[in-house]
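Take a look at the letters that make up each chain.
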Amino acid sequence: MQKRFVFFFILISLFANQLKAQAPQVMTAADIYLGLKKLQVLGSVLYVAAHPDDENTRLLAYFSKEKLYRTGYLSLTRGDGGQNLIGNEQGIELGLIRTQELLAARRIDGAEQFFARAFDFGFSKSTDEALRIWDREKILSDVVWVIRKFQPDVMITRFPQDARAGHGHHSASAVLAVEAFTAAADPNRFPEQLKWVKPWQAKRILWNTANFGGNNTTSDKQFKFDVGAFNPILGKGYGEIAAESRSQHKSQGFGAALQRGSALEYFSVWKGDTMKTDLFDGVNTTWSKIKGGEAISQKIDQLINHYSLLAPGKSVKELTELYKSLQTLEDGYWKDKKLKEVQQLIEACCGLWMEAYTSEQYAVQTNTLRFNFFLNNRNGSQVTLRGIRLNDFDTTVNATLAANQNFMAGKSIYISDSIPVSQPYWLKNEMKPGYFNVTDQQLIGNADNAAAFSVHYLVNIEGLDLDFVKPVRYKWADPVKGELYQPVVVVPPVLITPNLNLLLSAKPDSQNVRFTIHAMKNTSKASVNTSPLKGWNVSINPGMLKDGLMRGDEAEADITLKPDEKTRTNGKTALTGSVNEQDGSYAAELRTIAYDHIPVVSYFRTPLVNMLTLDLKTAGKKIGYIEGAGDYVPVALKQMGYEVITLKDLDLATSDLSQFDAIITGVRAYNIKESLNTNYNKLMAYVQQGGNLIVQYNTSNQIGPVIAKIGPYNFNISRTRITDENATVKVLKPEHPILNFPNKITEKDFQNWIQERSIYHAQGWDKNYETIFSLHDPGEKDDEGSLITTKYGNGHFTYTGLVFFRELPAGVPGAYRLLANIIALNQKKGF
């Protein structure tokens, strides 16, 4: 077992790459003015759709910043089943990215974000399928819960309830929203929720019709209004704000140009009262609906009239008086909301800076961490810090905060093992096929976890006692990027990470696995243990950390797996690792996702290696791989025994391609790499002279504004996909080498596929292409475009929409065998 001392250096370097830090948001004088105006508005609207990026960001921005309604977006899923344009994360990891992209979008357009528990299991062509897999009643209860908590006056769906929605998830989101509109008002539906909320009836639910994708559902007869207005206070129009918001969906390639000018939105009523002049017809959004509200409204008018953009601090006293007046009202929804809004405005007008931070990213269980407290009364209002409270730390301060003078304090606090690790709440329990298994009712609907630690600043401002709650962040200064913030992550004392997720065994040979142990604190001597692995004898070398590890150390445990000929069988089994140490046993792998546009995302999973034993033969040795939007196919190819060389743009232009038995392009490569179009002639010459070019799916033949040339003969790319992962695969040419060499492909090779069979089929192909398979989803016609192949000169070209990028990391044996055969096309003599 080898020790290393590089763990924290790697992590610090990783986090320093975050260009957009999670700095505390501050309100400008213009924001404060809009906030004062919003105090007069007691109306709310909830938008409902299926995925991140389904929302109408222009409409959300208009409601939030023009009409000043409380605005929310409920996405039933986190987008786990989509594709990823910026990296190789799939499944729940993609959902984690898209969750943060939505939150980044909401910070721009001003709406609030909610999620149901539904899992995005991939493209669905049927409303009934989506509702069945999700568990209709369960997800319906989530929508009802969010409605009862949010209490919208108006609800809006993005999609219709039928096939015009273009996706089973889309139509299902509308079906559930319309059903929940009524169910939320019925005390007999989901009565267990009434412990925390009350039944709620929105005034109406609408469909926000649209014209996109060649499907125009708008009509001049529908209610419509212009949302393209310019907001002079913000200096932007709502089309501009919307584009900035939508451009946060970077994993989906949804960067958008800023839109300016008039833009009509159209609406049709699903249920509830019709409207004549406004979406909120018949809805009282003023203080007159609250007992005692008229006096509150007058005070707010006075505040707005007295407000100075140049001196917001002059409004502090009036705001504290307004807060006290709000406290005298009867308890209710709008009282609570407006008290929070006024408190935020008091803080902003004071210019009161309050933060709590650590100088370390990780809070380690059973270790101490220093927390730093910082305040500055920048506008010089009458402010006294009464006390600070954080977990068990509770201290009285009673310090007057002088104008623009820093108050700093610090405290080292023990992190008990009773404080849970920072696992996203929807991943804490083993998920079901169609939904995340969240059992805590209070967590359902939340966009994200609360901060691992929050500090309470007990502050008196102009005679008013207030409790300000601030998240504790990790803060540091990067020499290039300046001050940066990231979330504080609670971790166990020891982490363990395997060097790979999947291990392929095609021959009865010994295999090697390495587990890396990360000491998050000083540890006593520890041992590495693994679970039994059927068909294999496991030995750990040496398996004992005799001297223990110091904080920040890494040690590597090498595991040798020797096959047991009597019990080794084909299939997939898991080898899990753990570390036993004096204080306990630990089996947690920390996964970190880092991109510039979102905070660093951390989650834990069981440290395991899936051992896939299969019958696999390969022909050919050296593969050139041209990366696309990101996938794990190169890792799988190396596991299969190939030498894999990544071809960058310069490599493609200058390398001798004849050295490669096959060249494979990654998913969406032609959509994002102009070099493929530039080097088209070179690639075709490679094929013609005996090479084998394999192109994985692209979403179109387009590279930006350019129509890409892909194959030696023409074909187009359609949006046809086979979403049923168990769809019958009809073999059209059973004698073709793709089905016979070096592996005999049978019906068994199409068993246990995940999520889907294929996407973005070829269409309109030249007669020189051959088709090998025919597939269809239930109720649809056969389609032969999942794989087309042709001989060109002495070589071969293949385009395929078969989802190898999903099946290979999932350890689907047939996907490995089929891909090996495609790679071997040029190795088959006489073909």
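As a reminder, the structure under discussion sits directly above these lines.
What counts, and where the lines are drawn
Residues numbered from 1 in each chain as written. Predicted model: local features only at pLDDT ≥ 70, side-chain atom pairs only at ≥ 80, totals over all residues. Heavy atoms only, no water. Helix = DSSP H or I, 4+ residues; strand = E, 2+ residues; numbered from the N terminus. Rg over C-alpha atoms; globule rule 2.2 N^0.38 Å. Buried < 20%, exposed > 50% of the residue type's maximum accessible area, 1.4 Å probe, protein only. Contact = heavy atoms within 4.5 Å. Areas by Shrake-Rupley, 256 points an atom, 1.4 Å probe, with all protein chains shown as cover. Lys, Arg positive; Asp, Glu negative; His and termini not counted. Charge placed at Lys NZ, Arg CZ, Asp CG, Glu CD. Expected span 1.5 Å × (residues − 1). Pairing = 2+ DSSP bridges. Axes fitted to C-alpha atoms, helices over the stretch in contact; angles between N-to-C directions.

(A) Quick look at the overall build of the protein chain. Along the backbone of the protein chain there are 18 helices and 47 strands. Since a compact globule built from 831 residues should have a radius of gyration of about 28 Å, the 30 Å found for the protein chain is in line with a globular shape. Based on the C-alpha atoms only, the size of the protein chain along its principal axes is roughly 90 × 75 × 55 Å. Relative to its 831 residues, the protein chain shows a buried fraction of 56%. Once local pairs closer than 6 in sequence are excluded, the contacts in the protein chain between residues at least 24 apart make up 76%. Element-wise, carbon and sulfur atoms account for 47% of the exposed surface of the protein chain, whose accessible area totals about 34500 Å². Looking at charge distribution, the protein chain has the averaged site of its 92 positive side-chain charges lying 0 Å from that of its 87 negative ones.

(B) Region of the structure containing the environment of threonine 217. In this structure, threonine 217 sits in the loop between strand 8 (215-216) and strand 9 (223-226). The class for threonine 217 is buried, based on a relative accessible area of 13%. Residues threonine 217 and arginine 164, spaced 53 residues apart in sequence, show a C-alpha to C-alpha distance of 8.4 Å. If we skip the residues at most four places from it in the chain, threonine 217 touches Arg164, Trp207, Thr209, Ala210 and Gln222.

(C) Summary view of helix 4 (residues 92-109). Its 18 residues give helix 4 an end-to-end C-alpha distance of 26 Å, which sits within 8% of 26 Å, the value for a rise of 1.5 Å per residue. Most of helix 4 sits inside the fold, with 15 of its 18 residues counted as buried.

(D) Inspection of the sheet that holds strand 4 (residues 112-115) at higher detail. With mixed pairing, seven strands are arranged side by side in an open sheet as 4-3-2-5-6-12-9. At either margin of the open sheet sits one strand with a lone partner, and together these are strand 4 and strand 9. Each adjacent strand pair in this sheet contributes to an overall mean axis angle of 30°, direction not counted. The sheet contact formed by strand 9 and strand 12 (residues 264-272) spans four bridges and is antiparallel. By the bridge assignment, aspartate 226 is partnered in strand 12 with leucine 264. On top of the sheet, helix 4 reaches strand 3 (70-75) and strand 4; it is set at about 155° to strand 4, its chief contact.

So yeah, pure geometry; function would need other evidence.
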